Amino acid sequence: MDFFSDFPGLLNYWVVIVLMMIGFYIVIAHDNLVKKIVGLNIFQVSVFVFYITMAKIKGGTAPILAEGITTYSNPLPHVLILTAIVVGVAMTALGLALVVRIRDAYGTIEDDEIQAQESEDL
Amino acid sequence: MTQFVSTHLAALQVVLALLAAPVCLLLRRPNAAWVVATAITWVLLGIALVLLEQVLEASTLIYTLGGWPAPWGIEYRIDLASAFMLVIITGIGSAVMPYAWASVEAEIPEERIYLFYCMYLLNIAGLLGIAITGDVFNLFVFLEISSLSSYVMISLGKDRRALTAAYRYLIMGTIGATFYIIGVGLMYMATGSLNMADLATLIPAIADSRTVLMSLAFITVGLGLKLALVPLHMWLPNAYTHAPSVVSVFLAGTGTKIAVYAMLRIVFTVFGGAGVFDGYGLGEMLSGLAVIAMIGASAVAIFQTNVKRLLAYSSLAQIGYIMIGIAMTSVLGMSAGIVHLFNHALIKAGLFMAMGCIFLRIGSVQIDDMKGLAKVMPVTMAAFVAGGFGLIGVPLTAGFISKWYLLQAAIEKGWWLAIAAILISSLLAIIYIWRVVETAYFQDRDENAPTISEAPWSMLIPMWTLIGVSFYFGIHATQTMDVAIGAAEALLGGIQ
Amino acid sequence: MGFMVVIGIAVARLRNLFAVVMLTGIFSLTAAVLYVVLDAVDVAFTEAAVGAGISTVLMLGTLALTTSEEKAHESGSHPWALMLVVVTGMALVYGTLDMPPYGDPTAAIHHHVAPYYLEKSFGHTGLPNVVTSILASYRGYDTLGEVFVIFTAAAGVLLIIGRAKFGRRRTVRLAPGELRDSMRQNVILRVVSKLLIPVILLFAFYVQWHGDFGPGGGFQAGVIFAAGFILYTLIFDIDTARTMISPRITRLGLAAGVLLYTLVGVASMLKGGTFLDYSVLADTQVKGQHLGILLVELGVGITVASAMVSIFFTFAGQER
């Protein structure tokens, strides 16, 4: 497992991992509720890119059968990611709906301000 | 017709729940929605019981969806562990539905009730789908169905903190789901398959691969978030406390339990369990976290003034019990853990039902408002005490059975820390249960308190049914233990 | 991909939330382009429609209903968060070290389950688009779950922020102040949109049926169909739009789609196959598969369209 010989082949994956971590960081480090959801989206989209990167075959094409093509990229991850995208948008919709209600109830969408109000609530 | 039903029972288990949800959406009238939800849940319980019987006779049941055999299609694989989960979920649901009649009416605005039952049906469909599937990605889809519907249901609590509780659960839960998906991706990358049985044959050959190891790590963390394993538990206390009573009951009985099942299924059936546990020190890590949960959460529970929150922390401790049994990876330990999963579901659901009754009558769940409550709500408080005994582990209760077997398993493995933790946390449980009992029984009602009556029969009966069943299985423990042992063996033995 | 990293960092640092949302939309679009490069055309289509389209619209809606600036951070960022992220990232990198290099045709995943689909799917379903065959037939049960996820989201949004009494007249601001009126009065917008919207809806139908042969299918079609209505609502106003698509219709559509999908599965069972086994629906396997996939994709399209419209209307119908 020579690090340097694997480097070019795995670089794609590593860049994706960087993306994932950016998204993950936004979710946990930022207080603004909408930004957290944005971070979650970035995190998820990056995971999807990871899967799709896996599916690619050098010299392949889209998995739609056609005359004269012999190599196709792997269709299974595509299907999985289609499902995952939909799940992601469902989560986003619900999360944003909650944010709207929270704004009405607390007057703010910053997590630290909300926590301050909650500790008064008891 | 019976032929049709019996061949397709496995599919119907989930399909009926799925069909009922849009029907509820169309119905709009709260009563009609309740009737549909209740009827379907009872039918689902019937199906689950029949499936359990079939599995007890024939070992694993397989049902191919879409007619395509695995690994190209998705299949259901029902072994004893899955069947047990199906019974637990539908059983708790069946008790919750009659209870919900009065409770939902009191806590949720009338024009939304039909949507609530729609969500409930989606939730139960999701849980059942997880228990029954043999495909790791399919598990994710149904996990999200159940999670998304939970977030919505929790947010319906009257307190505005229900909204933030739901939001935080959404964020943490989605992070968990994303970690799970990352793990599945890594596993797929290494093997090319998504079918659990298939993976079980493929993974041993590449068990040394770093990809496989990280896959296990990510899946474990992801599911650990969902089952509220300390330190990934932060969403649970708020979610259980501020959700509507019915939701607390149902989630406490099923939500985390199904995540435990999912983890068991993946770690043991797919990754080939015992080798993974011992080889990577997973057992030690989990047991360490479990011990912290048992003692820490019980201790925190003592100081709570909100009784629902007290019960929530108690749940965290109970999850610790379940996990430590599993971490032992011995048949005895795992069956103790699994049987506790069952017992705790009954007991905690019953306790939260008691809180729902109390909330219905006095509009609060603060311990100070419960002074002298036993005089005016004797049936409810008696149920609380009985459930409390179960939490502590008094002989004749189901809780005693689980702790007894856990202790035996710990002695067998020589895990002295675990033994100490189990005993200490039981003592702590006595303290926090006693606090509530003392307030309700030995203090006097406030003079200014309005006169209240006992909770309605529609709520008392389901509550006592659950508590009663927990006592039944405390006395006739062999039935549940046999199933649990069978389930443990099925999981430890790998795929048949 | 480097571009995406830049966007990601920008999102983290910016405090103007409108800008953040816009950048997220661009992030999604860039991902969609990347997918095309990586041969994932169906995914690209869906990501563009759903990720860049719907998510952005919903986020903008939320911002219009809440605030548009993120509060200034207190000094000192979160060291533990950074540490956690770094640890997770390292773990992932560690996990990739045993993975086959990018594009490697000898990787395990290309030899185990996938070749079966590529070789056999035409014989089984008669469709060139292998992704559609897998999505709607081989793994049709997953897709059923997925439609129910959308259903859950739409019903959930109704539960969380739905207004109790539907059809109550209220004024709504979808864009700051006078913009709405001026949009209505702007002749160019009115005329162009009236031309465009039928085309969009037609395109949606095309995508729905063409998914067998090229990228497309129920999800994409449903979203595009909804986009047509959303465009109408943006230019004119929500009350007018609401009279065309009342809450009753969206609710009906939501339920109808999932019921159609599930009942196709039940029909399969009644005809002797297992749940969602389309082969038994007609005389030959290929005909049965065709029929099943057609109906199922239609169910998906109906529910997705209804869900997207419903969610958008629920957000837009909030008082401000």
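Along each chain, the written sequence defines residue order, and numbers are assigned to residues from 1. Starting at A for chains and at 1 for ligands, labels are handed out in the order in which the entities are written. Only residues with pLDDT of 70 or above have their local features reported here, since the model is predicted, and side-chain atom pairs are shown and tallied only from 80 upward, although totals for entire chains, interfaces and linings are computed over all residues. For the side-chain quantities, the full set of heavy atoms in the structure was used; hydrogens and water were omitted.

**Some details on the overall build of chain B**
Turning to step 1, where the next piece is worked out: Numbering of helices and strands starts at the N terminus; helices are DSSP runs of H or I of at least 4 residues and strands are runs of E of at least 2. A count of helices and strands for chain B gives 21 helices and two strands.
Turning to step 2, where the next piece is worked out: Using C-alpha atoms as the atom set, the radius of gyration is obtained and then compared with a globule rule of 2.2 Å times the number of residues to the power 0.38. In terms of overall dimensions, chain B is globule-like: its C-alpha atoms have a radius of gyration of 21 Å, near the 23 Å expected for 496 residues.
Turning to step 3, where the next piece is worked out: Each principal axis of the C-alpha distribution contributes one length, and for chain B these read about 75 × 55 × 40 Å.
Turning to step 4, where the next piece is worked out: Remark: exposure states derive from per-residue accessible area (1.4 Å probe, protein chains only) relative to the maximum for the residue type, with buried under 20%, exposed over 50%, and partly exposed in between. Relative to its 496 residues, chain B shows a buried fraction of 69%.
Turning to step 5, where the next piece is worked out: Any two residues whose heavy atoms approach within 4.5 Å at even a single point are treated as in contact. Counting only contacts in chain B whose residues sit at least 6 apart along the sequence, the fraction spanning at least 24 positions is 79%.
Turning to step 6, where the next piece is worked out: Working definition of accessibility: Shrake-Rupley area with a 1.4 Å probe, residue cover restricted to the visible protein chains. Counting every atom, chain B has about 14500 Å² of accessible surface; 66% of that belongs to carbon and sulfur.
Turning to step 7, where the next piece is worked out: This count recognises Lys and Arg as positive and Asp and Glu as negative, with His and chain-terminal groups excluded. Throughout, a charge is located at the NZ atom of Lys, the CZ atom of Arg, the CG atom of Asp or the CD atom of Glu. Charged side chains of chain B number 22 positive and 25 negative; the gap between the two group centres comes to 9 Å.

**A look at the confidence of the model for chain B**
Turning to step 1, where the next piece is worked out: The pLDDT score gives, residue by residue, the confidence of the prediction method on a 0 to 100 scale. Averaged over every residue, the pLDDT of chain B is 87; the share at 70 or more is 97%.
Turning to step 2, where the next piece is worked out: Of the two predicted TM-score estimates for the complex, the pTM is 0.91 and the ipTM is 0.90.

**Let's talk about the packing of helix α3 (residues 41-65) of chain C against helix α10 (residues 218-235) of chain C**
The description of two packed helices rests on the angle between their axes and on the distance between the axes.
Residues and elements named next belong to chain C.
Turning to step 1, where the next piece is worked out: Where α3 contacts α10, the axes come no closer than 10 Å and their chain directions differ by 30°. Note that α3 runs across α10; the crossing there is left-handed. For the pair α3 and α10, contact is made by D42, F45, T46, A49, V50 and I54 and by Q220, V223, I224 and I230, respectively.
Turning to step 2, where the next piece is worked out: The nonpolar class holds Ala, Val, Leu, Ile, Met, Phe, Trp, Tyr, Cys and Pro. Asp, Glu, Lys and Arg form the charged class, and all remaining residues, Gly among them, are polar. Partitioned by chemical class, the residues of the contact of α3 with α10 number seven nonpolar, two polar and one charged. The convention used is that axes are lines fitted to C-alpha atoms, helices contributing only their stretch in contact, and that angles between N-to-C directions extend from 0 to 180 degrees. Crossing handedness is read from the near helix: turned anticlockwise from the far helix by less than a right angle, it gives a left-handed crossing, and turned clockwise, a right-handed one.

**Notes on the packing of aromatic side chains**
Turning to step 1, where the next piece is worked out: Two rings from Phe, Tyr or Trp (for Trp, the six-membered ring) form a pair when their centres sit within 6.5 Å of each other. Planes less than 30 degrees apart are called stacked, planes more than 60 degrees apart edge-to-face, and all others tilted. In total, this model carries 26 aromatic pairs over all chains according to the counting rule given.
Turning to step 2, where the next piece is worked out: Between the aromatic rings of Y169(B) and W235(B), the centroid separation amounts to 4.0 Å while the plane-to-plane angle is 10°, which identifies the pairing as stacked. Of the two residues, Y169(B) is situated in helix α7 (residues 161-191) and W235(B) in helix α10 (residues 235-242); the sequence distance between them amounts to 66 residues. With respect to burial, Y169(B) and W235(B) carry one shared label: buried.
Turning to step 3, where the next piece is worked out: An angle of 70° between the planes, with centres 6.0 Å apart, marks the rings of F148(C) and F151(C) as edge-to-face. Taken as a pair, F148(C) and F151(C) lie in helix α7 (residues 140-161) at a separation of three residues, close to a single helical turn.
Turning to step 4, where the next piece is worked out: Within the aromatic cluster, the residues linked to one another by ring pairs are Y63(B), Y76(B), F142(B), Y141(C) and F275(C).
Turning to step 5, where the next piece is worked out: We call a charge positioned above a ring when the Lys NZ or Arg CZ atom is no farther than 6 Å from the ring centre and deviates by at most 35 degrees from the ring normal. Above the plane of the ring of Y106(A) lies R160(B), whose end atom (NZ or CZ) is 4.0 Å from the centre.

**Some remarks on the interface of chain C and chain A**
When the parts come together, some accessible area is lost, and that loss is often what is quoted as the size of the interface.
Turning to step 1, where the next piece is worked out: Contact residues are listed per partner, giving 95 residues for chain C and 76 residues for chain A.
Turning to step 2, where the next piece is worked out: The term buried area denotes the loss of accessible surface (1.4 Å probe radius) that occurs when two parts are joined, taken as the sum for both partners. Here chain C and chain A share an interface that buries about 7500 Å² over both sides, 76% of which is from carbon and sulfur atoms.
Turning to step 3, where the next piece is worked out: Each reported salt bridge corresponds to a side-chain nitrogen of Lys or Arg within 4 Å of a carboxyl oxygen of Asp or Glu. Here chain C and chain A share zero salt bridges between them.
Turning to step 4, where the next piece is worked out: N or O atoms closer than or at 3.5 Å make up a polar contact, with two conditions inside protein: a donor-capable atom paired with an acceptor-capable one, and, for residues adjacent in sequence, both atoms drawn from side chains. Across the contact surface, chain C and chain A share two residue pairs in polar contact (both at pLDDT 80 or more).

**Quick notes on the layout of surface pockets**
One way to see where empty space is left: roll a probe the size of a water molecule over the atoms.
Turning to step 1, where the next piece is worked out: Cavities and pockets are defined on a 1 Å grid built over the protein atoms alone: a cavity is a set of grid points where a 1.4 Å probe fits but cannot escape, while a pocket is an open set with protein on both sides within 12 Å along at least five of seven lines, and lining residues are those with an atom within 4 Å of any such point. Grid points are joined across faces, edges and corners, and a volume is the space filled by probe spheres set on the points. Considering only enclosed or pocket space, the largest pocket measures out at about 1400 Å³ in volume.
Turning to step 2, where the next piece is worked out: At the level of elements, α1 (3-29), α2 (33-55) and α4 (111-121) of chain A, α7, α9 (210-226), α10 and α13 (282-302) of chain B together with α4 (79-96) of chain C are the ones that each hand at least two residues to the lining of the largest pocket.
Turning to step 3, where the next piece is worked out: Counting residues per element, the lining of the largest pocket draws most heavily on α9(B), which supplies nine residues.
Turning to step 4, where the next piece is worked out: In terms of residue class, the lining of the largest pocket is made up of 33 nonpolar, seven polar and five charged.

**Observations concerning the interface of chain A and chain B**
Turning to step 1, where the next piece is worked out: Taken together, the contact pairs 39 residues of chain A with 29 residues of chain B.
Turning to step 2, where the next piece is worked out: Counting the surface lost from both chain A and chain B, the interface buries some 3200 Å², and carbon and sulfur atoms represent 74% of this.
Turning to step 3, where the next piece is worked out: At the surface where chain A touches chain B, the tally comes to zero salt bridges.
Turning to step 4, where the next piece is worked out: On inspection of chain A and its partner chain B, the count reaches five residue pairs in polar contact (both at pLDDT 80 or more).
Turning to step 5, where the next piece is worked out: Top element by residues in the side of chain A that touches chain B is helix α3 (residues 75-106) of chain A. It accounts for 15 residues.
Turning to step 6, where the next piece is worked out: In terms of residue class, the side of chain A that touches chain B is built from 28 nonpolar, six polar and five charged.

**Side note on the side chain of S149(B)**
Turning to step 1, where the next piece is worked out: In this structure, S149(B) sits in helix α6 (residues 136-154).
Turning to step 2, where the next piece is worked out: For S149(B), a relative accessible area of 0% translates into the label buried.
Turning to step 3, where the next piece is worked out: Apart from residues no more than four positions distant in its own chain, S149(B) is found in contact with M119(B), L122(B), N123(B) and T152(C).

**Quick look at a nonpolar patch on the surface**
Turning to step 1, where the next piece is worked out: Within this analysis, patches are made of residues with over 30% relative accessible area and no salt bridge. Like charges are joined at 9 Å or less; nonpolar side chains (Val, Leu, Ile, Met, Phe, Trp, Tyr) at 5 Å or less. Nonpolar side chains collect at one region of the surface, where L427(B), I430(B), W434(B), Y441(B) and F442(B) lie side by side and expose about 540 Å² of accessible area between them.
Turning to step 2, where the next piece is worked out: Checked against the element boundaries, L427(B) lands in helix α19 (residues 416-442).

**Some details on the environment of C118(B)**
Turning to step 1, where the next piece is worked out: Position of C118(B) relative to the elements: it lies in helix α5 (residues 113-132).
Turning to step 2, where the next piece is worked out: Expressed as a C-alpha distance, the spacing of C118(B) and L18(B), which sit 100 residues apart in the sequence, is 9.5 Å.
Turning to step 3, where the next piece is worked out: C118(B) has contacts with A21(B), C24(B), L25(B) and F151(C), leaving out every residue within four places of it along the chain.

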